[in-house]
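Given next are the chains, with one letter for each unit.
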Amino acid sequence: MSTICEEPPSLLQDLKISIQNVSLVFPSQQTERKSMFLSNIDKVLNFPVQTVHFFPSHKDFPPRLVTEKLKTAIAKLLVPYDFLAGRLRTNPETGWLEIDCNSAGIGFAEATSEYTLDSIGDLVYPNPAFGQLIYKTMDNLEQDDQPLCIVQVTSFKCGGFAMGTITNHVTFDGLSSKIFLDNLGAMAADKPLVVTPCNDRQLLAARSPPCVSFPHLEHAKFHDSIPSVFDATSEALDFKVFRLTSDKIANLKEKAKASGGTSDARITGFNVVTALVWRCKALSMGEQTIQESNLDRVSTLLYAVNIRPRLVPPLPRSYAGNAVLTAYAKAKYKEIKEVPFSRLVEMVSEGEKRMTDEYVRSTIDWREIYQGFPEGEFLVSSWWKLGFDEVDYPWGRPKYSCPVVSHRKRIILLLPDIDEDNGVNILVSLPSKEMSKFQSLFQKYMAA
């Protein structure tokens, strides 16, 4: 049976944070004033992403020194990443969202906590209090002058610290964010850039005229009045982390092979874990979903795919914007309940295989015409292999890196395990009854 991280009985609700200083960090050199085009992929992702990186104490790098080195490194990085120091604007002529690269700077907050790093609890568990490690808005600036990124460095009594960031998703996807952090670590060590960013977002512009060659069942038009999968909910939610070791993931792969999967199915760790999550999520939607009258309903799973290598010619790995699209798998509840596990894995893998150069271009063109957004029953967002905890800083790698929990029941996160390199933590947020059903199904299928 897989291990489940139950809610700790003494979850800290107040990290006793004191903000010591708030400032803006500007590019270290003058940069050209210009407008940056945002692709139809970028524009759908106009919302904040909050991430925290935890670091143990280091005798040669007390938090005050780390803070100064980070400020200096960020100022240098804002030259090749000039857009990050800009501001979001609507072009008055076209009505399109773009970035005004005006060197207005990013926010930087310095804070202290009365706790030690070890005393704030399990870093993997989605503690909403970790949001206190994020400085969310610059109170002295108008709404239209808010930075695209704010960094908060919080020092703990033990000498450890947290680096919390809030970044508008229009700036980076997971891969480009990881490359930015690699460059930040290099700059903090007085080394050259690891990767020079490619800032040409016209590479993902729509064709003229747009040409939609696929139905794009994974999208909804804005005027359809359907809530976005990214929307938060006002419902009360339970949060649980389902931990799978590498051995359990290997067992899932063996189940996929043993249950008669076709040779075309990509039996990867991501695909088998996502197939398991899909089955549990779809069948946990309430008792009515397992009645015969409801088994013909369709469940749509969404997950993000890196499109850089899928285009012709490929996008450079250094592409600094958003180069991810939502792949999908669709099936009736009856199929999800009854088909062999190998078939579920195959359906998940088909979503990625569908993402060809023409499919990507057609998706971008669809969004140009309809201005829609990804739509499905839920989205699996994988931070599992991004490698945020593998970034080399002068003071060492993070002890753990994770997103701050959000109140979204339609997004399930796959996070790396803090103890085992190839293990995965599945963060699920659901109403209490659905969570109970999900947990029961998860344990049932893992034990089978």
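Provided above is the structure to which this section pertains.
Values in this document were obtained by computation on a predicted structure and should not be read as measured data. (Residues numbered from 1 in each chain as written. Predicted model: local features only at pLDDT ≥ 70, side-chain atom pairs only at ≥ 80, totals over all residues. Heavy atoms only, no water.)

*Asks:* With reference to specific residues and values, describe the overall build of the protein chain.
*Replies:* Scanning the protein chain for helices and strands turns up 9 helices and 18 strands. By its C-alpha atoms, the protein chain is 65 × 60 × 40 Å across when sized along the principal axes. Taken over 448 residues, the protein chain has a buried fraction of 56%. Counting contacts in the protein chain only where the partners sit at least 6 residues apart, residues at least 24 apart contribute 81% of the total. Per element, the accessible surface of the protein chain, about 19200 Å² overall, is 50% carbon and sulfur. (Helix = DSSP H or I, 4+ residues; strand = E, 2+ residues; numbered from the N terminus. Buried < 20%, exposed > 50% of the residue type's maximum accessible area, 1.4 Å probe, protein only. Contact = heavy atoms within 4.5 Å. Areas by Shrake-Rupley, 256 points an atom, 1.4 Å probe, with all protein chains shown as cover.)

*Asks:* Please provide a residue-by-residue account of the sheet that holds strand E8 (residues 149-155), values included.
*Replies:* One open sheet accounts for 6 strands, arranged E2-E7-E8-E9-E4-E16; its pairing is mixed. The open sheet has two edge strands with one neighbour each: strand E2 (17-25) and strand E16 (400-403). Each strand of the sheet is rotated relative to its neighbour by a mean of 15 degrees, with strand direction disregarded. As paired elements, strand E4 (residues 48-55) and E16 share 4 bridges and run antiparallel to each other. Note on E16: the bridge partner recorded for threonine 51 is proline 403. Strands E2, strand E7 (106-113), E8 and strand E9 (161-168) of the sheet are contacted by helix H2 (residues 63-77), whose axis makes an angle of about 170 degrees with E7. (Pairing = 2+ DSSP bridges. Axes fitted to C-alpha atoms, helices over the stretch in contact; angles between N-to-C directions.)

*Asks:* Residues and numbers for the side chain of serine 299, please.
*Replies:* By the secondary structure assignment, serine 299 is in strand E12 (residues 298-306). Residue classification places serine 299 among the buried residues on the basis of a relative accessible area of 0%. In terms of polar contacts, serine 299 uses its side chain to reach the side chain of tryptophan 278, at 3.0 Å. Those residues in contact with serine 299 that lie beyond four places of it in its chain are Trp278, Ala282, Ala329, Lys330, Ala331, Tyr333, Ile336 and Glu377. (Polar contact = N/O pair within 3.5 Å; in protein donor to acceptor, adjacent residues only side chain to side chain.)

*Asks:* How would you sum up the nonpolar core? Please name residues and give values.
*Replies:* Ranked by internal contacts, the top residues of the largest apolar core, which has 131 residues, are Phe54, Leu244, Val273, Trp278 and Ile426. The dominant element in this core, judged by the number of residues it contributes, is helix H5 (residues 269-282), at 8 residues. Look past the residues within four positions of tryptophan 278 in its chain and what remains in contact with it is Ser299, Leu301, Ala329, Lys330, Ala331, Ile336, Leu344, Met347, Val348 and Phe378. (Core = buried A, V, L, I, M, F, W, Y, C linked by side-chain atoms within 4.5 Å.)

*Asks:* So what about a nonpolar patch on the surface? Which residues, and what values?
*Replies:* Residues Val212, Ile369 and Tyr370 make up a contiguous nonpolar surface patch of about 230 Å² in total accessible area. Structurally, the position occupied by tyrosine 370 is in helix H8 (residues 357-370). (Patch = residues over 30% accessible without salt bridge, like charges linked within 9 Å, V, L, I, M, F, W, Y side chains within 5 Å. Salt bridge = Lys/Arg side-chain N within 4 Å of Asp/Glu carboxyl O.)

*Asks:* So what about the sheet that holds strand E3 (residues 34-37)? Which residues, and what values?
*Replies:* Pairing is antiparallel across the open sheet formed by 3 strands, whose spatial order is E3-E6-E5. Two strands close off the open sheet at either side, each with one partner strand: E3 and strand E5 (87-90). Each strand axis lies, on average, 40 degrees off the axis of its neighbour in the sheet, ignoring direction.

*Asks:* Could you give me a rundown of H2, with the residues and numbers involved?
*Replies:* For H2, built from 15 residues, the straight-helix expectation of 21 Å at 1.5 Å per residue is met to within 8% by its first-to-last C-alpha distance of 20 Å. Residues of H2 that are buried include every one of Pro63, Val66, Thr67, Leu70, Lys71, Ala73, Ile74, Ala75 and Leu77, and no others. Elements in contact with the buried residues of H2: E2, E7, E8, E9 and helix H3 (174-188). (Expected span 1.5 Å × (residues − 1).)

*Asks:* Give me the pattern of salt bridges: which residues, what numbers.
*Replies:* Under the criterion given, the structure shown has 22 salt bridges. When the shortest N-O distance is used, the salt bridge between arginine 33 and aspartate 100 registers 2.8 Å. Of this pair, arginine 33 sits in the loop between E2 and E3 while aspartate 100 sits in strand E6 (residues 97-101), placing them 67 residues apart in sequence. Residue classification places arginine 33 among the exposed positions, given a relative accessible area of 57%.

Shape descriptors only; they carry no functional weight alone.
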